[in-house]
Amino acid sequence: MKSFWLYNSLRGYRPIKLVVLFLSLSVWLWWDLSQAKGTMTTAFKSFLLSRDIDGKTSTPTVVGIVRSDDRLLGNPVDVNDPSISYATIEQMVRRAIDLVGGLRGIVKSGNTVLIKPNIVEYDPSGCGEVTDVRVVKALVKIVDEIDHGKIHIVVGEGSPRPFTAFEKATGSKFTPWVQLFDVPGYQVLKAEMVAAGVDLRLSNLNGNSDTNPWSELALVDVPGGGYAQPQAGKYYLHQDVRNADVFISVPVMKIHEPGITVAMKNQIGIAPSSLYGFSKSSGVAQDNYRHKLTHNSTAPYNWTDKEIVDLCKLAKIKFVVVDAIACLEEHKDAIWGLNGTVTNLVRMNTVIAGVDPVAVDHVCSRLMGLNPDDIEHITLGERAGLGTNDPALISIVGASIEATKKRFKKNRQPSAEFGQSNRDWLLNGPFPIGSISNPIDQEFIPNEAS
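Criteria and thresholds
Residues numbered from 1 in each chain as written. Predicted model: local features only at pLDDT ≥ 70, side-chain atom pairs only at ≥ 80, totals over all residues. Heavy atoms only, no water. Helix = DSSP H or I, 4+ residues; strand = E, 2+ residues; numbered from the N terminus. Contact = heavy atoms within 4.5 Å. Areas by Shrake-Rupley, 256 points an atom, 1.4 Å probe, with all protein chains shown as cover. Salt bridge = Lys/Arg side-chain N within 4 Å of Asp/Glu carboxyl O. Buried < 20%, exposed > 50% of the residue type's maximum accessible area, 1.4 Å probe, protein only. 1 Å grid on protein atoms, 1.4 Å probe; cavity = no way out; pocket = protein on both sides within 12 Å on 5 of 7 lines; lining within 4 Å. Points joined across faces, edges and corners; volume = space filled by probe spheres on them. Nonpolar A, V, L, I, M, F, W, Y, C, P; charged D, E, K, R; others polar. Expected span 1.5 Å × (residues − 1). Axes fitted to C-alpha atoms, helices over the stretch in contact; angles between N-to-C directions. Parallel < 35°, antiparallel > 145°, perpendicular 65-115°, else oblique. Left-handed = near helix turned anticlockwise from the far one by under 90°. Phe/Tyr/Trp six-rings, centres within 6.5 Å; stacked < 30°, edge-to-face > 60°. Core = buried A, V, L, I, M, F, W, Y, C linked by side-chain atoms within 4.5 Å. Pairing = 2+ DSSP bridges.

A. Local environment of the overall build of the chain. Each helix and strand counted, the chain has 12 helices and 12 strands in total. A separation of at least 24 residues holds for 73% of the contacts in the chain among residues at least 6 apart in sequence. When the accessible surface of the chain is totalled, it reaches about 21,900 Å², and 56% of it is carbon and sulfur.

This is the structure we're talking about:
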(Lines give C-alpha, C1' and ligand atoms only; values in the text may rest on other atoms or scores of the structure.)
Protein backbone atom coordinates (compact mmCIF):
# COMPACT_ATOMS: atom_id res chain seq x y z
CA MET A 1 0.00 0.00 0.00
CA LYS A 2 2.84 2.39 0.89
CA SER A 3 4.65 1.52 -2.38
CA PHE A 4 1.48 2.20 -4.38
CA TRP A 5 1.06 5.58 -2.61
CA LEU A 6 4.71 6.48 -3.32
CA TYR A 7 4.37 5.46 -7.00
CA ASN A 8 1.29 7.61 -7.49
CA SER A 9 2.92 10.51 -5.65
CA LEU A 10 5.99 10.50 -7.95
CA ARG A 11 4.52 9.53 -11.32
CA GLY A 12 3.84 13.18 -12.24
CA TYR A 13 7.48 14.25 -11.68
CA ARG A 14 9.88 14.66 -14.60
CA PRO A 15 13.34 12.97 -14.27
CA ILE A 16 15.12 16.25 -13.44
CA LYS A 17 12.61 16.95 -10.68
CA LEU A 18 13.08 13.44 -9.34
CA VAL A 19 16.84 13.97 -9.18
CA VAL A 20 16.38 17.25 -7.32
CA LEU A 21 13.90 15.61 -4.98
CA PHE A 22 16.24 12.67 -4.38
CA LEU A 23 19.17 14.98 -3.63
CA SER A 24 17.06 17.10 -1.31
CA LEU A 25 15.87 14.05 0.59
CA SER A 26 19.44 12.71 0.76
CA VAL A 27 20.75 15.98 2.19
CA TRP A 28 17.90 16.12 4.70
CA LEU A 29 18.48 12.50 5.73
CA TRP A 30 22.23 13.11 6.13
CA TRP A 31 21.56 16.20 8.27
CA ASP A 32 18.98 14.38 10.38
CA LEU A 33 21.29 11.46 11.05
CA SER A 34 24.19 13.75 11.87
CA GLN A 35 22.05 15.62 14.36
CA ALA A 36 20.88 12.39 15.92
CA LYS A 37 24.45 11.15 16.07
CA GLY A 38 25.56 14.38 17.75
CA THR A 39 22.73 14.11 20.25
CA MET A 40 23.49 10.48 21.00
CA THR A 41 27.20 11.22 21.35
CA THR A 42 26.53 14.10 23.73
CA ALA A 43 24.10 11.99 25.73
CA PHE A 44 26.63 9.17 25.91
CA LYS A 45 29.35 11.57 27.04
CA SER A 46 26.99 12.96 29.69
CA PHE A 47 26.31 9.42 30.91
CA LEU A 48 30.02 8.63 31.13
CA LEU A 49 30.69 11.95 32.85
CA SER A 50 27.96 11.27 35.39
CA ARG A 51 29.27 7.76 36.06
CA ASP A 52 32.94 8.66 36.19
CA ILE A 53 32.80 11.66 38.55
CA ASP A 54 29.75 10.65 40.56
CA GLY A 55 30.57 11.67 44.12
CA LYS A 56 27.15 11.06 45.66
CA THR A 57 27.37 10.59 49.40
CA SER A 58 24.90 9.51 52.07
CA THR A 59 25.93 11.73 54.96
CA PRO A 60 23.35 12.75 57.57
CA THR A 61 23.19 16.50 58.09
CA VAL A 62 21.30 19.10 60.11
CA VAL A 63 19.47 22.22 58.91
CA GLY A 64 18.24 24.86 61.35
CA ILE A 65 15.09 26.94 60.86
CA VAL A 66 14.48 29.91 63.15
CA ARG A 67 11.35 32.04 62.90
CA SER A 68 11.02 35.52 64.35
CA ASP A 69 8.30 34.32 66.73
CA ASP A 70 10.60 31.76 68.39
CA ARG A 71 9.91 32.05 72.13
CA LEU A 72 13.60 31.54 72.94
CA LEU A 73 14.49 34.85 71.25
CA GLY A 74 14.94 37.92 73.37
CA ASN A 75 12.80 40.04 71.03
CA PRO A 76 10.31 37.74 69.28
CA VAL A 77 7.91 39.27 66.75
CA ASP A 78 5.23 37.94 64.43
CA VAL A 79 6.50 36.28 61.24
CA ASN A 80 4.43 38.73 59.19
CA ASP A 81 5.76 41.85 60.93
CA PRO A 82 7.56 44.08 58.39
CA SER A 83 9.06 46.21 61.18
CA ILE A 84 11.31 43.39 62.44
CA SER A 85 14.35 44.94 64.13
CA TYR A 86 18.06 44.26 63.78
CA ALA A 87 18.10 43.00 67.40
CA THR A 88 15.62 40.25 66.52
CA ILE A 89 17.44 39.35 63.29
CA GLU A 90 20.78 39.02 65.07
CA GLN A 91 19.20 36.73 67.67
CA MET A 92 17.71 34.63 64.86
CA VAL A 93 21.05 34.31 63.04
CA ARG A 94 22.83 33.36 66.27
CA ARG A 95 20.24 30.74 67.19
CA ALA A 96 20.16 29.23 63.68
CA ILE A 97 23.98 28.90 63.63
CA ASP A 98 24.06 27.45 67.16
CA LEU A 99 21.37 24.89 66.32
CA VAL A 100 23.59 23.32 63.63
CA GLY A 101 26.79 23.26 65.69
CA GLY A 102 28.17 26.79 65.44
CA LEU A 103 31.12 28.20 63.51
CA ARG A 104 33.97 27.61 65.97
CA GLY A 105 34.75 24.22 64.46
CA ILE A 106 34.84 25.75 60.98
CA VAL A 107 36.53 29.16 61.41
CA LYS A 108 39.93 29.42 63.08
CA SER A 109 42.00 32.41 64.22
CA GLY A 110 43.93 33.86 61.29
CA ASN A 111 41.55 32.46 58.67
CA THR A 112 40.29 34.47 55.72
CA VAL A 113 36.50 34.15 55.61
CA LEU A 114 34.62 35.11 52.45
CA ILE A 115 30.98 35.97 53.07
CA LYS A 116 29.08 35.88 49.79
CA PRO A 117 25.72 37.74 49.85
CA ASN A 118 23.34 37.97 46.89
CA ILE A 119 23.34 41.45 45.32
CA VAL A 120 21.67 42.08 41.98
CA GLU A 121 20.16 45.50 41.46
CA TYR A 122 20.70 48.79 43.26
CA ASP A 123 17.75 48.17 45.56
CA PRO A 124 17.25 48.69 49.29
CA SER A 125 18.23 46.01 51.76
CA GLY A 126 15.19 44.14 53.00
CA CYS A 127 13.20 44.35 49.74
CA GLY A 128 13.71 40.64 49.05
CA GLU A 129 15.97 41.11 46.03
CA VAL A 130 19.33 41.57 47.79
CA THR A 131 20.57 39.87 50.94
CA ASP A 132 19.39 41.89 53.94
CA VAL A 133 22.50 43.65 55.25
CA ARG A 134 21.31 43.01 58.81
CA VAL A 135 21.77 39.26 58.31
CA VAL A 136 25.30 39.86 57.00
CA LYS A 137 26.06 42.21 59.90
CA ALA A 138 25.00 39.59 62.45
CA LEU A 139 27.14 36.97 60.72
CA VAL A 140 30.18 39.27 60.60
CA LYS A 141 29.91 39.86 64.35
CA ILE A 142 29.58 36.13 65.07
CA VAL A 143 32.63 35.28 62.94
CA ASP A 144 34.73 38.05 64.50
CA GLU A 145 33.86 36.92 68.04
CA ILE A 146 35.78 33.68 67.44
CA ASP A 147 38.97 35.77 67.78
CA HIS A 148 38.25 39.49 67.69
CA GLY A 149 40.26 41.34 65.05
CA LYS A 150 42.27 38.23 64.14
CA ILE A 151 39.99 36.85 61.42
CA HIS A 152 40.16 38.44 57.99
CA ILE A 153 36.57 38.90 56.84
CA VAL A 154 35.77 39.71 53.21
CA VAL A 155 32.22 40.47 52.07
CA GLY A 156 32.39 39.77 48.35
CA GLU A 157 30.00 39.69 45.41
CA GLY A 158 30.31 39.73 41.62
CA SER A 159 27.04 41.34 40.60
CA PRO A 160 26.34 41.63 36.86
CA ARG A 161 25.04 45.16 37.35
CA PRO A 162 27.53 47.44 39.15
CA PHE A 163 28.25 49.52 35.99
CA THR A 164 31.59 50.97 37.02
CA ALA A 165 33.97 52.61 34.52
CA PHE A 166 35.04 49.25 33.09
CA GLU A 167 31.45 48.21 32.45
CA LYS A 168 30.62 51.57 30.86
CA ALA A 169 33.23 50.74 28.22
CA THR A 170 31.00 47.85 27.11
CA GLY A 171 28.47 50.40 25.92
CA SER A 172 26.09 50.23 28.86
CA LYS A 173 23.54 53.04 29.07
CA PHE A 174 22.85 52.45 32.75
CA THR A 175 23.75 54.96 35.44
CA PRO A 176 27.05 53.75 36.99
CA TRP A 177 27.37 52.90 40.65
CA VAL A 178 30.35 54.45 42.40
CA GLN A 179 31.22 50.94 43.57
CA LEU A 180 29.48 47.59 43.93
CA PHE A 181 28.56 47.87 47.58
CA ASP A 182 26.73 51.16 47.27
CA VAL A 183 23.61 49.01 47.69
CA PRO A 184 22.05 50.55 50.81
CA GLY A 185 23.59 49.44 54.07
CA TYR A 186 26.84 47.79 53.02
CA GLN A 187 29.10 50.83 53.20
CA VAL A 188 27.57 51.65 56.58
CA LEU A 189 28.24 48.09 57.70
CA LYS A 190 31.88 48.38 56.67
CA ALA A 191 32.39 51.68 58.49
CA GLU A 192 30.69 50.41 61.65
CA MET A 193 32.63 47.13 61.79
CA VAL A 194 36.03 48.73 61.06
CA ALA A 195 35.37 51.30 63.80
CA ALA A 196 34.68 48.40 66.18
CA GLY A 197 38.06 46.80 65.40
CA VAL A 198 36.75 44.11 63.03
CA ASP A 199 39.08 43.17 60.16
CA LEU A 200 36.55 43.64 57.36
CA ARG A 201 36.71 44.76 53.76
CA LEU A 202 34.32 44.71 50.81
CA SER A 203 35.38 43.11 47.53
CA ASN A 204 33.96 43.34 44.02
CA LEU A 205 34.50 39.79 42.75
CA ASN A 206 34.42 41.14 39.20
CA GLY A 207 37.73 42.86 40.03
CA ASN A 208 38.19 45.91 42.24
CA SER A 209 40.01 47.98 39.63
CA ASP A 210 37.95 50.04 37.18
CA THR A 211 40.74 49.96 34.61
CA ASN A 212 42.28 46.49 35.00
CA PRO A 213 39.93 44.13 36.88
CA TRP A 214 41.38 41.07 35.12
CA SER A 215 44.61 41.35 37.11
CA GLU A 216 42.73 39.85 40.08
CA LEU A 217 41.34 36.89 38.10
CA ALA A 218 42.80 33.49 37.23
CA LEU A 219 41.57 30.42 35.34
CA VAL A 220 40.86 27.55 37.74
CA ASP A 221 40.05 23.86 37.13
CA VAL A 222 36.84 22.42 38.57
CA PRO A 223 37.81 19.62 41.00
CA GLY A 224 37.12 16.29 39.31
CA GLY A 225 36.01 17.98 36.10
CA GLY A 226 32.97 20.08 35.27
CA TYR A 227 29.39 19.25 34.33
CA ALA A 228 28.83 22.20 31.97
CA GLN A 229 30.59 20.80 28.93
CA PRO A 230 30.99 24.12 27.03
CA GLN A 231 33.12 25.44 29.93
CA ALA A 232 35.48 22.44 29.68
CA GLY A 233 35.87 22.24 33.46
CA LYS A 234 37.55 25.67 33.79
CA TYR A 235 36.30 29.02 35.13
CA TYR A 236 37.87 32.37 35.94
CA LEU A 237 37.71 33.27 39.63
CA HIS A 238 38.65 36.29 41.70
CA GLN A 239 41.62 35.97 44.04
CA ASP A 240 39.39 36.51 47.08
CA VAL A 241 37.45 33.35 46.19
CA ARG A 242 40.62 31.40 45.47
CA ASN A 243 42.34 32.50 48.69
CA ALA A 244 39.45 32.09 51.14
CA ASP A 245 39.92 29.54 53.91
CA VAL A 246 36.20 29.51 54.63
CA PHE A 247 33.44 30.33 52.14
CA ILE A 248 30.01 31.20 53.59
CA SER A 249 27.06 31.57 51.22
CA VAL A 250 24.47 34.11 52.44
CA PRO A 251 21.69 34.25 49.84
CA VAL A 252 18.24 35.75 49.98
CA MET A 253 15.55 33.14 49.34
CA LYS A 254 13.56 33.72 46.14
CA ILE A 255 12.14 32.24 42.96
CA HIS A 256 14.36 32.32 39.87
CA GLU A 257 14.53 30.92 36.32
CA PRO A 258 16.36 27.72 37.38
CA GLY A 259 13.67 27.23 40.03
CA ILE A 260 15.11 29.01 43.06
CA THR A 261 17.93 31.20 44.30
CA VAL A 262 19.31 29.98 47.59
CA ALA A 263 22.68 28.56 48.69
CA MET A 264 23.81 27.01 45.41
CA LYS A 265 22.44 29.43 42.80
CA ASN A 266 24.17 32.22 44.77
CA GLN A 267 27.50 31.03 43.31
CA ILE A 268 26.71 32.42 39.85
CA GLY A 269 27.94 35.62 41.53
CA ILE A 270 31.52 34.32 41.73
CA ALA A 271 31.84 34.14 37.93
CA PRO A 272 33.40 37.58 37.25
CA SER A 273 31.23 39.80 35.07
CA SER A 274 34.30 41.67 33.83
CA LEU A 275 34.96 38.56 31.69
CA TYR A 276 31.65 36.73 31.48
CA GLY A 277 29.60 39.85 30.80
CA PHE A 278 26.80 42.08 32.02
CA SER A 279 24.72 39.84 31.97
CA LYS A 280 27.00 36.83 32.43
CA SER A 281 25.80 35.00 29.33
CA SER A 282 26.90 37.80 26.99
CA GLY A 283 30.68 38.17 27.40
CA VAL A 284 32.42 41.55 27.06
CA ALA A 285 33.85 43.43 24.08
CA GLN A 286 37.27 43.79 25.79
CA ASP A 287 37.56 39.97 25.65
CA ASN A 288 36.02 39.72 22.16
CA TYR A 289 33.03 37.96 23.81
CA ARG A 290 35.05 34.76 24.15
CA HIS A 291 34.02 33.87 27.70
CA LYS A 292 30.42 33.68 28.85
CA LEU A 293 28.15 31.45 30.89
CA THR A 294 26.41 29.40 28.22
CA HIS A 295 23.17 28.90 30.21
CA ASN A 296 20.54 27.87 27.65
CA SER A 297 22.00 29.56 24.58
CA THR A 298 22.77 26.18 22.97
CA ALA A 299 19.15 24.98 23.12
CA PRO A 300 17.90 22.32 23.46
CA TYR A 301 20.78 21.93 25.92
CA ASN A 302 20.51 23.96 29.12
CA TRP A 303 23.77 24.35 31.01
CA THR A 304 22.59 26.76 33.75
CA ASP A 305 22.27 24.20 36.54
CA LYS A 306 25.50 22.48 35.50
CA GLU A 307 27.32 25.81 35.72
CA ILE A 308 25.81 26.39 39.16
CA VAL A 309 27.14 23.03 40.37
CA ASP A 310 30.57 23.63 38.80
CA LEU A 311 30.87 27.00 40.57
CA CYS A 312 29.74 25.46 43.87
CA LYS A 313 32.50 22.86 43.55
CA LEU A 314 34.99 25.71 43.07
CA ALA A 315 33.61 27.75 45.99
CA LYS A 316 33.90 24.83 48.44
CA ILE A 317 31.06 26.17 50.58
CA LYS A 318 31.66 25.51 54.27
CA PHE A 319 28.52 27.10 55.71
CA VAL A 320 25.21 28.65 54.65
CA VAL A 321 23.05 31.31 56.29
CA VAL A 322 19.85 32.04 54.35
CA ASP A 323 18.07 35.38 54.55
CA ALA A 324 14.40 34.44 54.41
CA ILE A 325 13.27 37.64 56.14
CA ALA A 326 11.68 39.10 53.00
CA CYS A 327 11.55 36.78 49.99
CA LEU A 328 10.41 37.06 46.37
CA GLU A 329 8.00 34.84 44.45
CA GLU A 330 7.49 34.69 40.66
CA HIS A 331 10.70 36.55 39.79
CA LYS A 332 14.28 37.06 40.99
CA ASP A 333 13.88 40.86 40.91
CA ALA A 334 11.65 42.99 43.09
CA ILE A 335 8.58 44.18 41.19
CA TRP A 336 7.80 47.64 42.49
CA GLY A 337 4.17 48.77 42.59
CA LEU A 338 2.93 52.31 42.09
CA ASN A 339 2.70 52.83 45.87
CA GLY A 340 6.38 51.94 46.39
CA THR A 341 5.76 48.44 47.74
CA VAL A 342 7.16 45.22 46.29
CA THR A 343 4.26 43.34 44.73
CA ASN A 344 5.99 39.92 44.64
CA LEU A 345 7.33 40.00 48.23
CA VAL A 346 6.60 37.11 50.60
CA ARG A 347 7.21 37.96 54.24
CA MET A 348 8.77 35.01 56.10
CA ASN A 349 10.86 36.55 58.92
CA THR A 350 12.93 33.35 58.98
CA VAL A 351 16.62 32.41 58.97
CA ILE A 352 17.90 29.02 57.79
CA ALA A 353 21.41 27.68 58.44
CA GLY A 354 23.47 24.58 57.73
CA VAL A 355 26.84 23.22 56.63
CA ASP A 356 25.39 21.37 53.63
CA PRO A 357 24.32 23.64 50.71
CA VAL A 358 22.34 20.89 48.98
CA ALA A 359 20.40 20.06 52.14
CA VAL A 360 19.76 23.76 52.81
CA ASP A 361 18.41 24.20 49.28
CA HIS A 362 16.30 21.07 49.74
CA VAL A 363 14.75 22.53 52.88
CA CYS A 364 14.27 25.99 51.36
CA SER A 365 12.53 24.46 48.34
CA ARG A 366 10.05 22.78 50.64
CA LEU A 367 9.62 26.01 52.60
CA MET A 368 8.52 27.62 49.31
CA GLY A 369 6.10 24.77 48.58
CA LEU A 370 8.31 23.32 45.84
CA ASN A 371 9.65 19.82 45.20
CA PRO A 372 13.47 19.72 45.50
CA ASP A 373 13.58 16.90 42.95
CA ASP A 374 12.18 19.31 40.35
CA ILE A 375 15.30 21.50 40.60
CA GLU A 376 18.24 20.16 38.64
CA HIS A 377 21.08 21.89 40.50
CA ILE A 378 19.86 20.30 43.75
CA THR A 379 19.73 16.74 42.38
CA LEU A 380 22.95 17.22 40.40
CA GLY A 381 24.62 18.84 43.42
CA GLU A 382 23.99 15.69 45.42
CA ARG A 383 25.42 13.54 42.61
CA ALA A 384 28.51 15.78 42.52
CA GLY A 385 29.15 15.14 46.21
CA LEU A 386 28.16 18.63 47.43
CA GLY A 387 25.61 17.36 49.94
CA THR A 388 22.45 15.37 50.44
CA ASN A 389 19.01 15.70 48.88
CA ASP A 390 17.58 12.76 50.82
CA PRO A 391 14.96 13.95 53.35
CA ALA A 392 15.60 10.84 55.45
CA LEU A 393 19.14 12.09 56.08
CA ILE A 394 18.25 15.73 56.79
CA SER A 395 17.38 16.50 60.41
CA ILE A 396 15.37 19.69 60.88
CA VAL A 397 16.02 21.57 64.12
CA GLY A 398 14.26 24.67 65.42
CA ALA A 399 10.97 25.31 63.66
CA SER A 400 9.38 22.67 61.42
CA ILE A 401 8.96 22.92 57.68
CA GLU A 402 5.22 22.33 57.98
CA ALA A 403 4.74 25.21 60.42
CA THR A 404 6.90 27.62 58.44
CA LYS A 405 6.28 26.99 54.72
CA LYS A 406 4.30 29.21 52.40
CA ARG A 407 3.34 28.41 48.84
CA PHE A 408 5.34 30.64 46.46
CA LYS A 409 4.21 31.38 42.92
CA LYS A 410 6.58 29.90 40.35
CA ASN A 411 8.37 31.97 37.73
CA ARG A 412 6.20 32.86 34.73
CA GLN A 413 8.99 34.17 32.49
CA PRO A 414 9.36 32.44 29.09
CA SER A 415 12.94 31.49 30.06
CA ALA A 416 11.86 29.90 33.34
CA GLU A 417 12.24 26.17 33.75
CA PHE A 418 10.84 23.98 36.50
CA GLY A 419 10.67 20.23 36.76
CA GLN A 420 12.84 17.56 35.21
CA SER A 421 12.61 14.01 33.93
CA ASN A 422 13.95 10.98 35.79
CA ARG A 423 17.67 11.10 36.48
CA ASP A 424 17.88 7.65 38.10
CA TRP A 425 16.55 4.41 36.66
CA LEU A 426 16.32 1.02 38.34
CA LEU A 427 16.82 -1.98 36.06
CA ASN A 428 16.01 -5.50 37.27
CA GLY A 429 15.10 -8.70 35.47
CA PRO A 430 14.05 -10.64 33.55
CA PHE A 431 12.03 -12.61 36.09
CA PRO A 432 11.09 -16.25 35.39
CA ILE A 433 7.33 -16.67 35.11
CA GLY A 434 7.39 -20.45 35.65
CA SER A 435 3.99 -21.64 36.74
CA ILE A 436 2.65 -18.17 37.62
CA SER A 437 -0.70 -17.94 35.85
CA ASN A 438 -1.15 -14.16 36.08
CA PRO A 439 2.34 -12.56 36.09
CA ILE A 440 1.03 -9.03 35.54
CA ASP A 441 -0.33 -9.04 39.10
CA GLN A 442 2.65 -10.84 40.60
CA GLU A 443 5.03 -8.79 42.83
CA PHE A 444 8.43 -10.00 41.69
CA ILE A 445 9.99 -7.38 44.02
CA PRO A 446 8.54 -7.00 47.56
CA ASN A 447 6.40 -3.85 47.79
CA GLU A 448 6.98 -3.34 44.06
CA ALA A 449 4.36 -0.59 43.71
CA SER A 450 6.16 1.67 46.20
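Still more ground to cover, so stick around.
B. Main features of the pattern of salt bridges. This model, assessed by the stated rule, comprises 13 salt bridges. For the salt bridge of Arg95 with Asp70, the shortest nitrogen-to-oxygen distance reads 2.7 Å. Residue Arg95 is located in helix α3 (residues 86-99), and its partner Asp70 is located in the loop between β1 (61-67) and α3; the two are separated by 25 residues in the primary sequence. For Asp132, the salt bridge is made with Arg134, and the minimal N-O distance between the two is 2.8 Å. Note on Asp132: relative accessible area 2%, which makes it buried. One network of salt bridges, with partners in common, ties together Glu90, Arg94, Lys141 and Glu145.

C. Highlighting the layout of surface pockets. Volume-wise, the second largest pocket comes out at about 770 Å³. Along the wall of the second largest pocket there are 38 residues; nearest its centre are His256, Glu257, Lys265, His295 and Thr304. Listing elements by their share of the lining of the second largest pocket, those giving two or more residues are β8 (252-256), β9 (259-261) and α9 (304-315). Take the lining of the second largest pocket: its biggest share by element is 3 residues, from α9. Of the residues in the lining of the second largest pocket, the class split is 7 nonpolar, 17 polar and 14 charged.

D. Quick peek at helix α4 (residues 133-144). Here α4 is 12 residues long and its end C-alpha atoms lie 16 Å apart, about the 16 Å a rise of 1.5 Å per residue gives. The buried fraction of α4 amounts to 10 of the 12 residues, a majority that puts the element mostly inside the structure. Taken as a whole, α4 has its buried residues at Val133, Val135, Val136, Lys137, Ala138, Leu139, Val140, Ile142, Val143 and Asp144. On its buried side, α4 packs onto α3, β2 (112-117), β3 (152-157), α6 (186-195), β7 (246-250) and β10 (317-328).

E. The packing of α4 against α6, seen in detail. Between α4 and α6, the least distance of the axes is 10 Å, while the angle of their chain directions is 20°. With respect to α6, the element α4 is oriented roughly parallel. Judged by the twist between their axes, the crossing of α4 over α6 is right-handed. Taken together, the residues of α6 that come into contact with α4 (itself represented by Val133, Val136, Lys137, Val140 and Lys141) are Tyr186, Leu189, Glu192 and Met193. For the contact of α4 with α6, a count of residues per class yields 6 nonpolar, no polar and 3 charged.

F. The arrangement of the packing of aromatic side chains in detail. In the structure shown here, the tally under the stated rule is 1 aromatic pair. Here Phe431 and Phe444 contribute two aromatic rings whose centre-to-centre distance is 5.2 Å and whose plane-to-plane angle is 20°, an arrangement assigned as stacked. Pair noted here: Phe431 is in the segment after α12 (401-404) and Phe444 is in the segment after α12, with a separation of 13 residues, a long-range link. Phe431 gets classed as partly exposed once you look at its relative accessible area, which sits at 32%.

G. Highlighting the packing of helix α10 (residues 357-367) against helix α11 (residues 376-383). Contact geometry of α10 with α11 gives a least axis separation of 9 Å together with a crossing angle of 150°. One finds that α10 runs roughly antiparallel with respect to α11. The way α10 lies across α11 gives a crossing that is left-handed. Contacts between α10 and α11 pair Val358, Asp361, His362 and Ser365 from the former with His377, Ile378, Gly381 and Glu382 from the latter. When grouped by side-chain class, the residues that make up the contact of α10 with α11 number 2 nonpolar, 4 polar and 2 charged.

H. Broad picture of unusual backbone geometry. Each neighbour pair has its own omega, and for Phe278 with Ser279 the value is 15°, a cis peptide bond. Structurally, the position occupied by Ser279 is in the loop between α8 (273-276) and α9. Of note, the phi angle at Lys316 is positive, near 55°, even though the residue is not glycine. When its relative accessible area of 55% is taken as the criterion, Lys316 is described as exposed. The phi dihedral of Glu330 falls on the positive side, at around 70°, and the residue is not glycine.

I. Quick look at the nonpolar core. Among the nonpolar cores identified, the biggest contains 56 residues, and Met253 and Ile352 are the most heavily contacted of them. Excluding residues within four positions of it along the chain, Ile352 makes contact with Val63, Gly64, Ile65, Met253, Val320, Val321, Val322, Ala324, Val360, Cys364 and Leu367. Of all hydrophobic cores here, the second largest spans 43 residues; its members include Leu73, Ile84, Leu189 and Leu202.

J. Region of the structure containing the pairing of β10. The buried count for β10 comes to 11 of 12 residues, which makes it a mostly enclosed element. Pairing of β7 with β10 involves 3 bridges; the strand directions are parallel. The residue bridging Ser249 from the neighbouring strand is Val320, located in β10. Note: β8 against β10, 2 bridges, orientation parallel. For Val252, the partnering residue across the bridge sits in β10 and is Asp323. The pairing of β10 with strand β11 (residues 345-354) spans 8 bridges and is antiparallel.

K. View of α11. In terms of burial, α11 is largely enclosed, as 8 of its 8 residues are buried. Looking at α11, one finds that the buried residues are Glu376, His377, Ile378, Thr379, Leu380, Gly381, Glu382 and Arg383. Directly beyond the C-terminal end of α11, a positive phi value near 85° is found at Gly385.

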